[in-house]
Amino acid sequence: MTVEEQIRDIIARITRVDKSIITRQSTFKEIKADSLDVVQALVAVEETFGIEIPDEEAQKFQNFGDFVSYVENRVAQKEKV
Amino acid sequence: MSFEGKLALVTGSGRGIGRAIALKLASQGADIIVNFFRHRESAEQTAKDIQALGVKAEVIRANVGDPAKVDEIFDMIGNKFGHLDILISNAASGVGRPVADIDVKAWEWTMDINARALLLCAQRAAKLMEGRGGKIVSISSLGSRFVLPNYTVVGVSKAALEALTRYLAIELAPLNICVNAVAASAVETEALKFYFKEGLVKDSRYVTPVGRMVIPEDVANVVAFLCSEEAFMIRGQTIIVDGGTSVGLFALAGK
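Residues numbered from 1 in each chain as written. Chains lettered and ligands numbered in written order. Predicted model: local features only at pLDDT ≥ 70, side-chain atom pairs only at ≥ 80, totals over all residues. Heavy atoms only, no water.

Undergrad: In this structure, what is going on with the confidence of the model for chain A? I would like to understand it.
TA: Any region with low pLDDT has predicted coordinates that should not be read closely. Chain-level statistics for chain A give a pLDDT mean of 90 and a share of 100% at 70 or above. Of all the helices and strands in chain A, helix 3 (residues 55-58) of chain A carries the lowest mean pLDDT, 85, while helix 1 (residues 3-15) of chain A carries the highest, 92. (pLDDT = per-residue confidence, 0-100. Helix = DSSP H or I, 4+ residues; strand = E, 2+ residues; numbered from the N terminus.)

Undergrad: Even after reading the chapter, I still don't get the environment of Thr-152 of chain B, so can you show me in this structure?
TA: Residue and element names in this part refer to chain B. Assignment of secondary structure puts Thr-152 in helix 5 (residues 152-172). As for Thr-152 and Trp-107, which are separated by 45 residues in sequence, their C-alpha atoms are 9.5 Å apart. Apart from residues no more than four positions distant in its own chain, Thr-152 is found in contact with Arg-97, Val-99 and Ile-102. (Contact = heavy atoms within 4.5 Å.)

Undergrad: Explain the packing of aromatic side chains to me, please; I cannot follow it from the model alone.
TA: For any two aromatic rings, the description comes down to two numbers: the centre-to-centre distance and the angle of the planes. The tally for this structure, following the rule as stated, stands at 3 aromatic pairs over all chains. Ring-pair connections join several aromatic residues into one group, and the members of that group are Phe-28, Phe-61, Phe-67 and Tyr-70 of chain A. In this structure, Arg-38 of chain B packs its charged tip against the face of Phe-37 of chain B, placed 5.4 Å from the ring centre. The ring of Phe-232 of chain B carries Arg-235 of chain B above its face, with NZ or CZ at 4.6 Å from the centroid. (Phe/Tyr/Trp six-rings, centres within 6.5 Å; stacked < 30°, edge-to-face > 60°. Lys NZ or Arg CZ within 6 Å of the ring centre and 35° of its normal.)

Undergrad: Teacher, can you tell me more about the side chain of Glu-162 of chain B here?
TA: All names here are of chain B. Looking at the secondary structure, you find Glu-162 in helix 5. Among the polar contacts made by the side chain of Glu-162, one reaches the side chain of Ser-144 at a distance of 2.6 Å. At 3.0 Å, the side chain of Glu-162 and the side chain of Arg-145 are in polar contact. (Polar contact = N/O pair within 3.5 Å; in protein donor to acceptor, adjacent residues only side chain to side chain.)

Undergrad: What should I look at first to understand the environment of Phe-28 of chain A in this one?
TA: Residue and element names in this part refer to chain A. You can see Phe-28 is positioned in the loop between helix 1 and helix 2 (35-49). For Phe-28, a relative accessible area of 15% translates into the label buried. Sequence separation between Phe-28 and Phe-64 is 36 residues; the distance between their C-alpha atoms is 6.9 Å. Once residues within four sequence positions are removed from consideration, Phe-28 is found in contact with Ala-33, Val-38, Phe-61, Asn-63 and Phe-67. (Buried < 20%, exposed > 50% of the residue type's maximum accessible area, 1.4 Å probe, protein only.)

Undergrad: How do you make sense of the sheet that holds strand 7 (residues 238-241) of chain B when you look at a structure like this?
TA: Two modes of strand pairing occur in sheets, parallel and antiparallel, and in both the strands are linked by backbone hydrogen bonds. Residue and element names in this part refer to chain B. Within the open sheet, the 7 strands sit side by side as 3-2-1-4-5-6-7. Their pairing is parallel. Lying at the two open borders of the sheet, with one neighbouring strand each, are strand 3 (57-61) and strand 7. Neighbour-to-neighbour, the strand axes of the sheet open up by a mean angle of 20°, direction not taken into account. Across 5 bridges, the pairing between strand 2 (residues 31-36) and strand 3 is parallel. The residue of strand 3 that forms the bridge with Ile-33 is Glu-58. (Pairing = 2+ DSSP bridges. Axes fitted to C-alpha atoms, helices over the stretch in contact; angles between N-to-C directions.)

Structural data, given as structure tokens:
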């Protein structure tokens, strides 16, 4: 499973939306994710990938694609180390 | 008041009230364990500011709403220090919604972080205070007894926190552990800015008889007092720090 697929599964589980509607352009509002859903998704993603996503970074995510790109970069950096 | 040689854990101490409490206790000589969940930069800054006061600071990330993470905090303290003198249960979260929109997830999230965390932390802390005694102070809010718009689940969690504070005070008294709470009205913090944004509270400067808002240091001063030997006979109480707001409601109505 790719990073994107794993994050999509996590968000769909938390917000209980059909994962087929979550595209890289989807905003959190479109996914029906409220601020608690977002925090819970961040925590679940952090635990899945063994990374830490500070709120300062998370606040910059405009859509699902931003979230995925950020995590992909962090995972790639981690693998380099 | 001196806390020299004492070790204090302040949950949620990267910012706001928790940070002010950590700095206050550190300024009186206590070594501090800074706990945070979402804002590492702020926590690291708090630790630096504590160290600049000439005492030790340790940073640990944990969501106190998660029992496994609470265990991680206390396992670290046990392994590294072997004891604890002061526990400040300050970390809080919440979901601002009208009653009709509170779902189980929002309820559990808020209750777990704001109320259950005190139970789990106090249980572990009491073991680390065994034979030496200790102080536990929890941070509540006026929402535990007064109704604020969209504050239901937080207010209820704070009421539970205050009730738990009373039970802990009695059960832990034989272990020479003093347990109390401090409840503040709206305090000028980052969290309050969030509530302003969400439209939960209006500028409460105008409803504080003292003429200014409560600031984190006002709360920290009372917490430090409750952690001192001077407060030895105060047990299970919730001390309100609100500039008189809660006793002055009717007096202010005509202003």
